[in-house]
Amino acid sequence: MKQLQWMLLAWCLPAVSFGADVPLAALGDLQLDYTAVQEIAEVPGPAVRAQVTHRTGSQYSIQLPRDVRRAHYLVRNGGQVVAGQPFVVLEGPEIHHFLLEFDAMERRYRSAEARYRRSRASYEQKALAEEQWVAIVDNYLALQLEYEHMRHFMELVDPPQDDVESITLHAPITGYIEFESRQMALIEGDEVASFLAPGELRAQLLVPVQDADRLTGVQLEGCRLDVEELEGVARGFSLVAWSEAVTGACRLQLNSVLSATPLYRHEAYRVPRSAVFTWAEQAHVLLRGDGSLQLVPVVLLQPVGEDYAVTSEIDLAGRAVLSSSVSAVQGVLLGLGGE
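Given the structure is predicted, the values throughout are model-derived calculations rather than measurements.

Asker: What exactly am I supposed to notice about the overall build of the protein chain here?
Answerer: Tallying secondary structure elements over the protein chain gives four helices and 22 strands in all. Taking all 339 residues of the protein chain together, 40% fall into the buried category. For the protein chain, contacts bridging at least 24 residues in sequence account for 72% of all contacts bridging at least 6. A total of about 18,900 Å² of accessible surface is found on the protein chain, and carbon and sulfur atoms cover 50% of it.

Asker: What's the story with the sheet that holds strand β7 (residues 80-81) in this structure? I'm lost.
Answerer: Adjacent strands of a sheet form backbone hydrogen bonds with each other and so pair up, either parallel or antiparallel. Taking strand neighbours across the sheet as the criterion, the four strands line up as β5-β11-β10-β7 in an open arrangement whose pairing is antiparallel. Edge positions in the sheet fall to β5 (60-63) and β7, since each has one partner strand and no second. Judged from the three bridges that link them, strand β10 (residues 175-178) and strand β11 (residues 191-196) form a sheet pairing that is antiparallel. For Y176, the partnering residue across the bridge sits in β11 and is L196.

Asker: Would you mind showing me how to read the state of the cysteines here?
Answerer: A covalent bond between the sulfur atoms of two cysteines is what we call a disulfide. A complete count under the given rule lists one disulfide for this structure. Residue pairing for C223: its cysteine sulfur links by disulfide to C250, the two sulfurs lying 2.1 Å apart. Its S-S torsion of approximately 110 degrees makes the covalent link between C223 and C250 right-handed. On the criterion of sequence distance, the pair formed by C223 in strand β14 (residues 223-230) and C250 in the loop between β15 (238-243) and β16 (257-272) is long-range, its members being 27 residues apart. On the basis of relative accessible area, C250 is assigned to the buried category, the value being 3%.

Asker: So what exactly am I meant to see when it comes to the side chain of S243 here?
Answerer: Relative to the elements of secondary structure, S243 occurs in strand β15. There is a polar contact of 2.9 Å between the side chain of S243 and the backbone nitrogen of A203. For S243, the contacting residues outside a window of four places in its chain are R202, A203, V218, L225, D226, V227 and E228.

Asker: Can you walk me through the environment of Q282 in this structure?
Answerer: Topologically, Q282 is positioned in strand β18 (residues 282-288). Looking at Q282, the relative accessible area reads 37%, which means it is partly exposed. In contact with Q282, not counting residues within four places along its chain, are F277, P297 and V298.

Asker: I tried to follow empty space enclosed by the protein on my own but got confused; where do I start?
Answerer: Remark: the empty space left among the atoms is shown by a probe the size of a water molecule rolled over them. With the rule as written, the count across this model stands at one cavity of 30 Å³ or more. Looking at the largest cavity, the residues that line it are L64, P65, R66, D67, V68, L90, E94, I95, F98, F153 and I167. Among the elements that make up the lining of the largest cavity, the one with the highest residue count is helix α2 (residues 93-124) (three residues). Here the residues of the lining of the largest cavity sort into eight nonpolar, no polar and three charged.

Asker: What should I look at first to understand the pattern of salt bridges in this one?
Answerer: Note that side chains of opposite charge can pair when their charged atoms are close. What the rule picks out here adds up to 18 salt bridges. Put simply, R66 and E101 hold a salt bridge, and the shortest N to O gap is 2.4 Å. Of this pair, R66 sits in the loop between β5 and β6 (70-73) while E101 sits in helix α2, placing them 35 residues apart in sequence. Assessed through its relative accessible area of 26%, R66 is described here as partly exposed. Between E228 and R202 there is a salt bridge whose closest N-O contact spans 3.1 Å.

The rules behind each value
- Residues numbered from 1 in each chain as written.
- Predicted model: local features only at pLDDT ≥ 70, side-chain atom pairs only at ≥ 80, totals over all residues.
- Heavy atoms only, no water.
- Helix = DSSP H or I, 4+ residues; strand = E, 2+ residues; numbered from the N terminus.
- Buried < 20%, exposed > 50% of the residue type's maximum accessible area, 1.4 Å probe, protein only.
- Contact = heavy atoms within 4.5 Å.
- Areas by Shrake-Rupley, 256 points an atom, 1.4 Å probe, with all protein chains shown as cover.
- Pairing = 2+ DSSP bridges.
- Disulfide = S-S within 2.5 Å.
- Polar contact = N/O pair within 3.5 Å; in protein donor to acceptor, adjacent residues only side chain to side chain.
- 1 Å grid on protein atoms, 1.4 Å probe; cavity = no way out; pocket = protein on both sides within 12 Å on 5 of 7 lines; lining within 4 Å.
- Points joined across faces, edges and corners; volume = space filled by probe spheres on them.
- Nonpolar A, V, L, I, M, F, W, Y, C, P; charged D, E, K, R; others polar.
- Salt bridge = Lys/Arg side-chain N within 4 Å of Asp/Glu carboxyl O.

Have a look at this one:
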């Protein structure tokens, strides 16, 4: 039916000579609207899977100093916390034992520290045998290591309340918190929680090796991020790319998996989809000229929203393309002997 309408329109309009240009006078009273061509420096590629995550070793991790019976988390897993905010209550008789052990350890360490300082002066004055000095130093350093390990944990403990079988821990930094919500047992050395500074949250995606050197950014849900690094080890036919830090405008959740659009460096043009049509088995647009429309072949790259990214041998920058009545003009060309 549409083909018949085009043929009738061509029969009703004044005759023109078939060629690369279509005189505007030959189109009669057709409504002709134009859209300016935008020059673009990057082109979207096929969508890929991306994960909102972090690099290995970028988290601040807290381990349990002893087994505990129960951990009652006070914040949402994956949510944001501020430094000093209570995030978990650890409960069980082991807590009381740990607090007593820390007090005893602190007293032993302070005693060893005082002995170390006294003995150092004696050793420097040759009043203390070498083997005695070595034993004092070894004992002091061993206690110092154990004490500092316990002290770092105790710095996160809010002042104990009347119930000595529970302690509350507060966040060491401002950022995102992550913990194992389905952990069945809480054993000494297990991770209570880990914390990620906001500047460490990134998008990780896999891109084809052959296109990786042109990768400039990634379009996520409602935001664009630059690509900061490409890993040098391939995973099959792909490379891992890391974005810059996720900004607040992105509103992405830690560990979320989503569809992402890689953006590749490519000098191209952005034209409305309505401006593109097939002629002689190739995509074309109609450029506005002085009194005529110029038929120009283009190469389609990727959709960009409601537009297409295209390339052309002709410089389209700053030009205007026909974006309405394109089918009607194509019908005129068909009626004049086009393929």
